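Residue-level structural notes
In case you want the letters, here they are:
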Amino acid sequence: SNPLWRNQTPVGEFLLAALSPTPQSQAALFALFLLIYISTLVGNTLIMATVSSDPHLRTPMYFLLGNLSFLDLCYSTVTAPKMLLDFLSERRSISYQACMAQLFFLHFVGAAEMFLLTVMAYDRYVAICKPLHYPSIMNRSLCSWLVAASWTGGFIHSTVQTILTMQLPFCGPNQVDNFFCDVPPVIKLACTDTYVVELLMVSNSGLISTSCFVILVASYATILVRIRSPEGRRKALSTCASHLTVVTLFFGPCIFIYARPFSIFSVDKLVSVLYNIITPMLNPLIYTLRNKEVKSAMRRLRTWGKSPLISLKHLQIP
């Protein structure tokens, strides 16, 4: 611990790193990421509207899918707007309070999504391995409780991360080695020894991401083992393929960032772009391209939208 930090001025703002050093590439990246963010907003909003409006999709799987789209939309919005503004600014600064708020909501929504993906894997396990008992097990009440538990778990996780970070003294330097405020690059700027805090945070974030990923892989392995016929396995793998893709794209980068000591690598910014910006856009594409029911419901939604007789009951949440 450094006893001199008490006599120094606390940091009032942080400077965020640029994704590219040249103005020409900054402009190109701004256009690219603006398109990605708009696609994320449109795609996830479309899935939420489709799931909530179509009576054919009022099942646990699509209820969970609608919640996943809402989390993806929120997750991208935590970092993308600020990143887009910074592409147009010469000085990429963020106040201490805004930095802590960004860090809190990033981990709140991110952890909630991890828990929700685990719930979705359980839903697929029950649907495939216990089809006769599926309606009674995955009833509306249980689905609501599981979604609420995912949000609660994310809130608790994020609160712990944020409190541990805010208790650290920051007195300079203030250059965050990423384009948003996250735990690993921020606590590296603390004017004290952060070994114990890093150990606690790795145990928290790293354990959550790794445990959820192991549970997900184990659930899909169990599904394939329980199904004897090759045809049944093929159908099960096809059903779960989209979920497996989402899991790999989301959990792989998270485990890489949070399940190791907080050493900063140059590749971290690219990995952060993948799970913060790219994955929330890919989720609606993956689910709609591989799901005939969702595509059919979207076509019906467009038909209803053209009709002047559209009823408000179509907009009810399932």
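Attention here is on the structure that accompanies the text.

What counts, and where the lines are drawn
Within each chain, residues carry numbers counting from 1 in the order of the written sequence. Reporting of local features is limited, given that this is a predicted model, to residues whose pLDDT is at least 70; pairs of side-chain atoms are given and counted only at 80 or more, and all residues count toward the totals for whole chains, interfaces and linings. The basis for the side-chain values is all heavy atoms of the structure; hydrogens and waters are excluded. What makes a nonpolar core is a set of buried Ala, Val, Leu, Ile, Met, Phe, Trp, Tyr and Cys residues whose side-chain atoms join them at distances within 4.5 Å. Exposure categories follow from relative accessible area, calculated using a 1.4 Å probe and restricted to protein chains: below 20% of the type maximum is buried, above 50% is exposed, and the middle band is partly exposed. Numbering goes from the N terminus for both helices and strands, where a helix is a DSSP run of H or I of at least four residues and a strand is a run of E of at least two. We call two residues in contact whenever any of their non-hydrogen atoms come within 4.5 Å of each other. Residues are called lining when one of their atoms sits within 4 Å of a cavity or pocket point, these points coming from a 1 Å grid over the protein atoms alone, where a cavity is a set in which a 1.4 Å probe fits but cannot get out and a pocket is an open set with protein on both sides within 12 Å along at least five of seven lines. Grid points are joined across faces, edges and corners, and a volume is the space filled by probe spheres set on the points. Think of it as three bins: nonpolar holds Ala, Val, Leu, Ile, Met, Phe, Trp, Tyr, Cys and Pro, charged holds Asp, Glu, Lys and Arg, and polar takes everything else, Gly as well. Our working definition of a disulfide is a cysteine sulfur pair at a distance within 2.5 Å. Identification of polar contacts relies on pairs of N or O atoms within 3.5 Å, with a donor-acceptor requirement for protein atoms, meaning one able to donate a hydrogen and the other able to accept it, and with residues adjacent in sequence counted only if both atoms are side-chain atoms. Each residue after the first adds 1.5 Å to the expected span of a helix. Paired strands, as defined in this entry, are two strands with at least two bridges between them according to DSSP. As a rule, the C-alpha atoms of each element are fitted with a line to give its axis, helices using only the stretch in contact, and angles between N-to-C directions run from 0 to 180 degrees. Each helix crossing is assigned a hand: it is left-handed if the near helix lies turned anticlockwise from the far helix by less than a right angle, otherwise right-handed if that turn is clockwise.

Residues Phe 33, Ile 223, Phe 251, Tyr 275 and Ile 277 are the most contacted members of the largest nonpolar core, which totals 62 residues. Those elements that provide at least two residues to this core are helix H1 (23-53), helix H2 (60-87), helix H3 (96-129), helix H5 (140-166), helix H7 (195-226), helix H8 (230-258), helix H9 (268-289) and helix H10 (292-306). Looking at this core, the element that brings in the most residues is H3, giving 13 residues. Not counting chain neighbours up to four residues away, the residues in contact with Ile 223 comprise Arg 124, Tyr 125, Ile 128, Cys 129, Ala 236 and Cys 240. Counting 20 residues, the second largest nonpolar core, distinct from the first, contains Val 176, Val 186, Ile 187 and Met 201.

Attention shifts here to empty space enclosed by the protein. Scanning the entire structure with this criterion turns up three cavities of 30 Å³ or more. Volume-wise, the largest cavity comes out at about 120 Å³. Lining the largest cavity are 13 residues; nearest its centre among them are His 107, Ala 111, Met 114, His 157 and Tyr 258. For the lining of the largest cavity, the secondary structure elements donating two or more residues are H3, H7 and H8. If one sorts the elements of the lining of the largest cavity by residue count, H3 sits on top with five residues. Grouping the amino acids of the lining of the largest cavity by side-chain chemistry returns nine nonpolar, four polar and no charged. Size it by volume and the second largest cavity reaches roughly 90 Å³. Lining of the second largest cavity is provided by 14 residues; of these, Asn 178, Pro 184, Pro 185, Ile 257 and Asp 268 occupy positions nearest its centre.

Here, the word disulfide means a covalent bond between the sulfur atoms of two cysteines. Tallying each qualifying case throughout the model produces two disulfides. For Cys 99, the disulfide goes to Cys 181, at an S-S distance of 2.0 Å. Measuring handedness by torsion sign, the sulfur bridge of Cys 99 and Cys 181 sits at about -115° and is left-handed. With Cys 99 in helix H3 and Cys 181 in the loop between strand S3 (175-176) and helix H6 (183-187), this residue pair connects regions lying 82 residues apart in the sequence. Here the two residues Cys 99 and Cys 181 agree in accessibility, since each one is buried. The partner cysteine of Cys 171 in its disulfide is Cys 191, sulfur to sulfur 2.0 Å.

Attention now moves to the side chain of Asp 268. Relative to the helices and strands, Asp 268 is located in helix H9. Take Asp 268: its relative accessible area is 5%, and that puts it in the buried class. Asp 268 has contacts with Phe 256, Ile 257, Arg 260 and Ser 263, leaving out every residue within four places of it along the chain.

Relative to the helices and strands, His 157 resides in helix H5. At 2.8 Å, the side chain of His 157 forms a polar contact with the side chain of Asn 204. Sequence-distant contacts of His 157, that is, excluding residues within four places in its chain, are made with His 107, Ala 111, Asn 204, Ser 205 and Ile 208.

For an α-helix, 3.6 residues make a turn, and residues three or four places apart therefore share a direction. In a regular helix each residue adds 1.5 Å, so 31 residues correspond to 45 Å; H1 covers 44 Å between its end C-alpha atoms and thus fits that length. Burial in H1 covers these residues: Gln 26, Phe 33, Ile 36, Tyr 37, Thr 40, Gly 43, Asn 44, Ile 47, Thr 50, Val 51, Ser 52 and Ser 53.

The next thing to look at is the sheet that holds S3. Taken in spatial order, the three strands make up an open sheet running S2-S1-S3, and their pairing is mixed. Both edges of this open sheet fall to strand S2 (93-95) and S3, since each of them pairs with a single strand only. Sitting on the sheet, H3 touches strand S1 (13-16) and S2, and the angle it makes with S2 is about 85°.

In this section: the packing of H3 against H5. It is at 7 Å that the axes of H3 and H5 come closest, and there the two elements cross at 145°. Both H3 and H5 take part in a crossing whose hand is right-handed. When the residues that make up the contact of H3 with H5 are grouped by side-chain class, the tally is 16 nonpolar, ten polar and no charged.

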